[in-house]
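Close look at the chain arrangement
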Amino acid sequence: MARAGLTTERVVLAAADLADEVGFENVTVAALARQFGVKDASMYAHVKNLRELRERIALLASGEMIDRIATAVAGRAGKDALVAFADAYRAYALERPGRYRATHTQLDPALVAGTTTYRRTAEVTYGMLRAYGLAEPDITDAVRLLRSTFHGYCNLEAIGGFGAPRAVETSWRHALDALHVALENWPRADDEHAVRPPPAHDTGRCQSSPVRSRT
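Just so it is clear, the structure is predicted and the values come from calculations on it, not from any experiment. (Residues numbered from 1 in each chain as written. Predicted model: local features only at pLDDT ≥ 70, side-chain atom pairs only at ≥ 80, totals over all residues. Heavy atoms only, no water.)

Some details on the overall build of the protein
Which entries qualify depends on this criterion: Strands here are runs of E lasting at least two residues and helices are runs of H or I lasting at least four, both read from the DSSP assignment and numbered beginning at the N terminus. Residue burial is assigned from relative accessible area. The probe radius is 1.4 Å, only protein chains are included, and a residue is buried under 20% of its type maximum, exposed over 50%, and partly exposed in between. The contact definition used throughout considers only heavy atoms, calling two residues in contact when any of these lie within 4.5 Å. Note on areas: Shrake-Rupley, 1.4 Å probe, and residue coverage restricted to the protein chains presented here.
Across its full length, the protein carries 10 helices and 0 strands. Counting the 215 residues in the protein, one finds 45% classified as buried. Sequence separation of 24 or more characterises 74% of the internal contacts of the protein that already satisfy a separation of 6 or more. Split by element, the accessible area of the protein, about 10800 Å² in all, is 52% carbon and sulfur.

Re the nonpolar core
Which entries qualify depends on this criterion: Put simply, a nonpolar core is a bunch of buried Ala, Val, Leu, Ile, Met, Phe, Trp, Tyr and Cys residues held in one set by side-chain atoms that sit within 4.5 Å of each other.
Core analysis: the largest hydrophobic core is formed by 34 residues, its most contacted members being Ile-69, Leu-82, Leu-129, Leu-134, Phe-150 and Leu-183. Every element with two or more residues in this core is listed here: helix 4 (50–73), helix 5 (78–95), helix 8 (117–130), helix 9 (138–158) and helix 10 (168–184). Excluding residues within four positions of it along the chain, Leu-183 makes contact with Leu-82, Leu-129, Tyr-132, Leu-134 and Ala-142. Counting 26 residues, the second-largest nonpolar core is a separate cluster that includes Leu-18, Ala-19, Ala-58 and Tyr-118.

Examining the packing of helix 9 against helix 10
Counted only if it meets this: With axes taken as lines fitted to C-alpha atoms, and helix axes fitted only over the stretch in contact, angles between N-to-C directions fall between 0 and 180 degrees. Orientation is classified from the angle alone, with under 35 degrees giving roughly parallel, over 145 giving roughly antiparallel, 65 to 115 giving roughly perpendicular, and any other angle giving oblique. Under the scheme applied here, ten amino acids are nonpolar (Ala, Val, Leu, Ile, Met, Phe, Trp, Tyr, Cys and Pro), four are charged (Asp, Glu, Lys and Arg), and all others, including Gly, are polar.
For the pair helix 9 and helix 10, the least separation of the axes is 12 Å and the interaxial angle reads 175°. Judged on the interaxial angle alone, helix 10 and helix 9 are roughly antiparallel. On helix 10, the residues touching Ala-142, Leu-145, Leu-146, Thr-149, Phe-150, Tyr-153 and Glu-157 of helix 9 are Val-168, Ser-171, Trp-172, Leu-176, Leu-179 and Leu-183. Residues that form the contact of helix 9 with helix 10 fall into these classes: 10 nonpolar, 2 polar and 1 charged.

What about a nonpolar patch on the surface?
Definition in use: By definition, no residue in a patch forms a salt bridge, and every one has over 30% relative accessible area; like charges are joined within 9 Å, nonpolar side chains (Val, Leu, Ile, Met, Phe, Trp, Tyr) within 5 Å. Only one rule defines a salt bridge in this text: a Lys or Arg side-chain nitrogen within 4 Å of an Asp or Glu carboxyl oxygen.
Residues Leu-156, Ile-159 and Phe-162 make up a contiguous nonpolar surface patch of about 290 Å² in total accessible area. If you trace the backbone, Ile-159 turns up in the loop between helix 9 and helix 10.

Some points on the pattern of salt bridges
Two side chains of opposite charge can pair, provided their charged atoms sit close to one another. Applying the stated criterion across every chain, the model contains 15 salt bridges. Taking the shortest distance from any N to any O, the salt bridge between Asp-17 and Arg-99 comes out at 3.1 Å. Residue Asp-17 is found in helix 1 (residues 8–22), and its partner Arg-99 is found in helix 6 (residues 97–102); the two are separated by 82 residues along the sequence. Relative accessible area serves as the criterion here: at 2%, Arg-99 is assigned to the buried category. Across the pair Glu-157 and Arg-90 runs a salt bridge whose closest N-O atoms are separated by 2.9 Å. Separated by 67 residues along the polypeptide, Glu-157 in helix 9 and Arg-90 in helix 5 bring together distant segments of the chain. Classification of Glu-157 by relative accessible area gives partly exposed; the value is 21%. A relative accessible area of 9% means that Arg-90 is categorised as buried. Residues joined by salt bridges that share partners form a network here, namely Asp-17, Asp-20, Glu-64, Arg-96 and Arg-99.

So, helix 2 (residues 29–36)
Within the sequence span of helix 2, burial applies to Val-29, Ala-31, Leu-32, Ala-33 and Phe-36. Buried residues belonging to helix 2 abut helix 1, helix 3 (40–43) and helix 4. The first or second residue beyond helix 2 is Gly-37, which carries a positive phi of 75°.

Considering the side chain of Glu-52
Its location among the elements puts Glu-52 in helix 4. Residues in contact with Glu-52, not counting those within four places in the same chain, are His-46 and Val-47.

Here we look at the packing of helix 1 against helix 4
A packed helix pair is summarised by two numbers, namely the angle formed by the two axes and the spacing between the axes. As a packed pair, helix 1 and helix 4 sit with axes 9 Å apart at the nearest point and diverge in direction by 80°. As the angle between them shows, helix 1 and helix 4 are arranged roughly perpendicular. On the side of helix 1, the interface is formed by Thr-8, Val-11, Val-12, Leu-13, Ala-15 and Ala-16, while helix 4 contributes Leu-53, Arg-56, Ile-57 and Leu-60. Classifying every residue of the contact of helix 1 with helix 4 by side-chain character gives 8 nonpolar, 1 polar and 1 charged.

Re unusual backbone geometry
One can expect most non-glycine residues to show negative phi and most peptide bonds to be in trans. Cis geometry marks the peptide bond from Glu-136 to Pro-137; its omega dihedral reads 5°. Along the polypeptide, Pro-137 turns up in the loop between helix 8 and helix 9.

See below:
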């Protein structure tokens, strides 16, 4: 039976906090049970297995991340929106490393069915890029550029991978300037190759990170 006071939401939130402390890959049902002072079996009243626990962390983190990004970009357009989006993305990745790692988990479509996280992610991301005058298939290409830039930069920064004496923050600002120029001068695909935008939920086959497209 479930231990009094434990709920799925509380278990998942504790697991997400643990991911930030010890690393997403090190989150286990046993470690979480020890944190609550219960036997492993008590956890299975709330999650079926480790895979589901990690998927739920990913879903939680993705929702938190897009909420932060959406708040940052609200009322902005063009470069202001791009910078706000990027800064919110980077802040979350650096402040919540375990959660951020979780957002790159491949999720079971059944788990995310009925949620609004991915629809909202698509709306915010595509809305920002449409303000640059982009449409499909150019939006997919632009999403891939942003995703690879943000993710690569944050990963390198998190592990101290930038060894040159130039300030990391300065390089980040210049990178965003360059992305803005690239988006303003995007080489448009030929009309004959244009396709309709994917459904709002199709932001990466249920992969959970914001700034995802079909890859």
